[in-house]
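Residue-level structure breakdown
The lines below spell out each chain.
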Amino acid sequence: MKAAVCYEFGKPLVIEDLEMRAPRPDEVLVKVAYTAICHSDLHDMNGDFEGGLPFVGGHETAGRVAETGCAVSAFAAGDPVVVSLLEHCGECVYCATGRSHLCVTKTTFDTDDALLDPRGRKVINKARVGGFAEYVLVHQSQLVKLPESFPLDLACMLACGVTTGFGAVVNRAKVPPFSSVAVIGAGGVGVNAIQGARVSGADPVIAVDIRDSKLERARQFGATHTVNSVGTDPVAAVQAITGGRGVEYAIVAVGDSQALQQAWGMLCRDGKAVMVGLPPFEQPLFSISGFELAFSEKTVTGCCMGTTRPQLDVPALISLYQEGRYDLDSLVSGRYPLSRINEAIASTAAGEVYRNLIVVE
Ligand SMILES: [Zn+2]
Ligand SMILES: [Zn+2]
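As the structure is a prediction and not an experimental result, all values here were calculated from the model. (Residues numbered from 1 in each chain as written. Chains lettered and ligands numbered in written order. Predicted model: local features only at pLDDT ≥ 70, side-chain atom pairs only at ≥ 80, totals over all residues. Heavy atoms only, no water.)

Comments concerning the pattern of salt bridges
Under the counting rule described, the total for this entry stands at 15 salt bridges. Between Lys-2 and Asp-17 there is a salt bridge, with the nearest N and O atoms lying 3.7 Å from each other. Of the two residues, Lys-2 sits in strand S1 (residues 2–6) while Asp-17 sits in strand S2 (residues 14–17), which places them 15 residues apart along the sequence. Judged by its relative accessible area of 46%, Asp-17 falls in the partly exposed class. Between Arg-355 and Glu-60 there is a salt bridge, and its shortest N-O distance comes to 2.9 Å. (Salt bridge = Lys/Arg side-chain N within 4 Å of Asp/Glu carboxyl O. Helix = DSSP H or I, 4+ residues; strand = E, 2+ residues; numbered from the N terminus. Buried < 20%, exposed > 50% of the residue type's maximum accessible area, 1.4 Å probe, protein only.)

Written out as structure tokens, the structure reads:
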């Protein structure tokens, strides 16, 4: 099967014919239809995150089940599915308490041997997906079945970008109606945090970004106010919009720890900052005054993949979309065949797009 392999950090991907082993009992082979490019893919390709070489990137995938392992009963060949990178065991303390996104038990997924390149070298399927390929081999817990009529090009974005932004607001911050929200970074994840805030009934919803073009479009997704943080102090601007009080929730949707410092400054007393963007692995966190922490009762928390349980959040988002309450169509910026993946990646790296899709089907 064809796949785009990263052999060297910072270099273009190479299209290769890879060999893939057969599914184990609890695994499923999925024929990829679409894989969206995420900013985490760019970090992977630049070597910003942990992990070796070579690998197949791409973790926002939708397609159809091609083959199932003998112990799989919930899926059958032909089923349309979203492929999440969140594998879970269903038995550990996190799974048992409804936090399967934090599952610590890696099940059978030692799939470093799942892929071999033409020279017999092991290829890692990054993030347990490896979606820049014609097929992915995944654990059954990573799949969510889709309604037959739901478009697969929109579905692939539900694997990560959409659920991560939406979930940071809905699942992690648990934003109640009429509360104030700032979202730092109005890109592919940020505009979904903005939509999540709008769906939750928040007001105001303040988008902060460094590009006017993204701020204009953020209003279409539900931002009530915008702040361009180039040449303006975003903390002071957010304070001004909220009558000097600050926001109750600040969502950091960029991969930069410094933005968390700004989020902290934007918070009112008892406010909550949620870090959902992924900074480079070695980047240190910001420093805060312990005195201020105690007296302000502010909270800073992380958020893994939107604290999402794909089996719950994907159907919820599909309903919102079908009711006309959630915009997925505007998130698709471009479509590229697998053979032109390096163009698609360059376009994503330029920073003006939400999601470029690799069209495999
Ligand atoms: Zn992603
Ligand atoms: Zn578990």
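Concerning the coordination of the zinc ion (ligand 2)
Surrounding the zinc ion (ligand 2) are the protein donor atoms Cys-89 (SG), Cys-92 (SG), Cys-95 (SG) and Cys-103 (SG), at 2.4 Å. Given four donor atoms and angles of 103 to 115 degrees at the metal, the environment of the zinc ion (ligand 2) is assigned as tetrahedral. Spacing between the donor residues of the zinc ion (ligand 2) along the chain follows C-x2-C-x2-C-x7-C. Pair noted here: Cys-89 is in the loop between strand S7 (80–83) and helix H2 (93–96) and Cys-103 is in the loop between H2 and strand S8 (115–116), with a separation of 14 residues, a long-range link. Exposure remark for Cys-89: the relative accessible area of 19% places this residue in the buried category. Classification of Cys-103 by relative accessible area gives buried; the value is 9%. (Donors = N, O, S within 2.8 Å, 3.2 Å for Na, K, Ca; no water. Tetrahedral: all angles 85-135°; square planar, octahedral: opposite > 155°, others 65-115°.)

Examining the sheet that holds strand S17 (residues 299–302)
Here six strands make up an open sheet; going across it, the order is S14-S13-S12-S15-S16-S17 and the pairing parallel. Looking along the sheet, the strands with just one partner apiece sit at the ends: strand S14 (225–228) and S17. Ignoring which end each strand starts from, the neighbouring axes of this sheet average 15 degrees apart. Relative to S14, strand S13 (residues 205–209) is paired through four bridges, and the arrangement is parallel. (Pairing = 2+ DSSP bridges. Axes fitted to C-alpha atoms, helices over the stretch in contact; angles between N-to-C directions.)

Digging into unusual backbone geometry
Geometrically, the link from Leu-53 to Pro-54 is a cis peptide bond, its omega value of -15 degrees lying close to zero. Its location among the elements puts Pro-54 in the loop between helix H1 (39–46) and strand S5 (55–56). Here Asp-203 and Pro-204 are connected by a cis peptide whose omega angle stands at 0 degrees. If you trace the backbone, Pro-204 turns up in the loop between helix H5 (190–199) and S13. Within the chain, Phe-178 stands out as a residue other than glycine whose phi angle is a positive 70 degrees.

Some thoughts on the nonpolar core
By size, the foremost hydrophobic cluster in this structure holds 52 residues, and its most contacted members are Met-157, Ile-194, Ile-251 and Leu-328. Here this core gets five residues from one element, more than from any other, and that element is helix H4 (residues 161–173). Filtering out sequence-adjacent residues up to four positions away, Leu-328 remains in contact with Phe-150, Leu-154, Met-157, Leu-158, Val-162 and Tyr-321. Among the nonpolar cores identified, the runner-up in size contains 41 residues, and Cys-38, Val-56, Val-129 and Ala-344 belong to it. (Core = buried A, V, L, I, M, F, W, Y, C linked by side-chain atoms within 4.5 Å. Contact = heavy atoms within 4.5 Å.)

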